[in-house]
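Geometric and topological summary
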Amino acid sequence: MNTSRLWTKDFIIVSGINFLINLVFYLLIVIIGEYAVDQFHASTSQAGLVTGIFIIGSLIGRLFTGRFIESLGRRKTLFIGLVFFILTTMLYLISSNIGIMLLTRLLHGVAAGIVGTATGTIAAQIIPAARKAEGIGYFSMSTTLATAIGPFIGLFMTQHTTFQMIFIFSVVLGIISFITSLFVYIPAITITSQQSSSETKGFKISNFIEPKALPIAIITLVISFCYSSVLSFIKFYANEINLVSAASFFFLVYSIAVLFSRPFTGRLMDTRGANYIMYPGFVILAGGMVLLSSVNSGLMLLVAGALIGLGFGNMQSSTQAIAVKLTPAHRMGLATSTFFIALDAGLGFGPYILGFIIPATGYRSLYVILGLVVLVSTALYYFLHGKRESGIRANLNKVA
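Parameters at a glance
Residues numbered from 1 in each chain as written. Predicted model: local features only at pLDDT ≥ 70, side-chain atom pairs only at ≥ 80, totals over all residues. Heavy atoms only, no water. Helix = DSSP H or I, 4+ residues; strand = E, 2+ residues; numbered from the N terminus. Rg over C-alpha atoms; globule rule 2.2 N^0.38 Å. Contact = heavy atoms within 4.5 Å. Core = buried A, V, L, I, M, F, W, Y, C linked by side-chain atoms within 4.5 Å. Buried < 20%, exposed > 50% of the residue type's maximum accessible area, 1.4 Å probe, protein only. Phe/Tyr/Trp six-rings, centres within 6.5 Å; stacked < 30°, edge-to-face > 60°. Axes fitted to C-alpha atoms, helices over the stretch in contact; angles between N-to-C directions. Left-handed = near helix turned anticlockwise from the far one by under 90°. Nonpolar A, V, L, I, M, F, W, Y, C, P; charged D, E, K, R; others polar. 1 Å grid on protein atoms, 1.4 Å probe; cavity = no way out; pocket = protein on both sides within 12 Å on 5 of 7 lines; lining within 4 Å. Points joined across faces, edges and corners; volume = space filled by probe spheres on them.

1. Looking at the overall build of the chain
The helix and strand inventory of the chain stands at 15 helices and zero strands. Relative to its length of 400 residues, the chain is compact, with a C-alpha radius of gyration of 20 Å against a globular reference of 21 Å. For the chain, the spread of C-alpha atoms along the three principal axes comes to 55 × 45 × 40 Å. Contacts in the chain between residues at least 24 apart in sequence constitute 85% of all its contacts with a sequence separation of at least 6.

2. Let's talk about the nonpolar core
If you look at the biggest cluster of nonpolar residues, it comprises 110 residues, and the most contacted ones within it are L292, L301 and I308. Of all the elements, helix α14 (residues 332-384) adds the most residues to this core, at 15 residues. Residues within four places of L292 in sequence aside, it is in contact with V230, I234, Y237, F250, L301, A304, I308 and Y367.

3. Regarding the packing of aromatic side chains
All chains considered together, the criterion is met by 21 aromatic pairs. Summarising the aromatic geometry, the rings of F79 and F178 are spaced 6.1 Å apart at their centres and angled 65 degrees between planes, so their arrangement reads as edge-to-face. Note that F79 is positioned in helix α4 (residues 74-90) and F178 in helix α7 (residues 163-181), a separation of 99 residues in sequence. F178 sits in the partly exposed class, given a relative accessible area of 24%. Considering the side-chain rings of F250 and F251, the 5.2 Å spacing of their centres and the 80 degrees angle between planes classify their relative orientation as edge-to-face. When its relative accessible area of 0% is taken as the criterion, F250 is described as buried. Exposure remark for F251: the relative accessible area of 21% places this residue in the partly exposed category. Of the aromatic side chains, those joined through ring pairs into one cluster are Y35, F40, Y92, F163 and F167.

4. Concerning the packing of helix α6 (residues 132-160) against α7
Following both chains from N to C, one finds α6 and α7 inclined at 140 degrees, their axes separated by 9 Å at the closest point. The way α6 lies across α7 gives a crossing that is right-handed. Judged by residue contacts, I153, G154, M157 and T158 of α6 engage F163, M165, I166 and F169 from α7. Of the residues assigned to the contact of α6 with α7, the class counts are six nonpolar, two polar and no charged.

5. A word on empty space enclosed by the protein
In the structure shown here, the tally under the stated rule is one cavity of 30 Å³ or more. Considering only enclosed or pocket space, the largest cavity measures out at about 40 Å³ in volume. If you go around the largest cavity, the residues you meet are A133, G137, R262, T265, G266, M269, S317 and S318. Looking at the lining of the largest cavity, the elements with two or more residues in it are α6, α11 (250-272) and α13 (298-325). Tallying contributions element by element places α11 first for the lining of the largest cavity, with four residues.

Dropping the structure here:
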């Protein structure tokens with residue numbers, strides 16, 4: 001058996017499930033606010049809450065799944081999450097008022113958090129140790145594809161069919177995910193009674209958050225907070241600078257940059273270490289943010305999108321790989337959960353916080369400020385992880 005083989009049946013299936021679940025999320029997020037306004041006459045703030053409460057649900061799902069995934073079993077957790085995901089997606093079909101819709105979105109987010117933590121943990125487990133960063137990079141590309149394809153499908157379907165058909169389509173994607181999950185083989189992880197006891201008894205922060213993954217999770221939180229300004233406000237910024245047409249291709253260019261670079265950056269991280277990706281990533285992301293602040297043409301806007309993709313896109317998968325590599329196998333679920341909690345918190349709460357800053361700064365100044373924040377975060381990374389990277393790699397190689 002080739003233990004360094006990456007593209008196994010199980011890896012492809014788990015990546016496919018992750019893609020479909022994220023596809024549902026991204027196709028719904030671009031249309032659900034409009035649906036709330038049209039169907040329930042929701043106010044703008046209510047429509048925003050309907051859109052964003054999903055992230056809160058996802059955080060809740062990840063927080064508790066990280067604790068119980070090992071005792072419950074990774075495969076069983078995936079099954080439970082997918083069944084819950086299907087049932088909560090069906091709730092969209094019967095939501096009769098704004099209150100029920102908010103509850104539906106919250107529960108749907110919890111389900112997505114459970115599935116996302118399970119697929120991320122399983123993928124990290126079945127990827128060969130020598131190709132961990134490369135494998136996680138490929139796995140993360142399933143999410144990147146969903147961010148590009150999901151909004152396109154959602155907007156396309158709103159123009160050619162009803163919201164009910166969109167919800168039915170989402171249910172079908174959930175069912176397909178569940179059926180394919182039945183064919184996944186997940187090797188059992190041996191957990192000693194002492195390990196099991198320490199992670200199920202009492203209320204301790206370490207039962208919900210993996211301490212070894214927390215430093216790199218802080219870095220993830222900072223860079224995702226900065227990136228949330230692009231994800232949430234690029235359309236408003238494009239309207240302000242009259243580059244709406246070019247902005248429609250922004251995330252497509254972002255995704256292409258990620259898809260073409262991740263196979264190379266993943267191998268580089270496996271062979272040379274995380275610092276070879278992270279330090280250039282900070283500089284490239286900061287440069288992309290500063291360039292974004294000064295664009296005056298469609299080409300400049302798309303170049304900024306490519307730089308941000310090269311920077312944030314590769315740092316995202318690298319920080320996830322770091323979190324997993326630092327953690328014992330029996331706490332891999334907690335490490336994955338800790339990483340995604342930080343990522344979701346940055347992307348979910350960032351727009352809300354930045355919304356108070358934008359009136360005072362404007363978009364151009366905001367992107368300059370956040371570019372500087374990214375650059376300064378290089379020092380934070382050095383103290384939290386970068387200076388220990390060579391020692392950590394040496395210890396991991398000894399274990400291997």
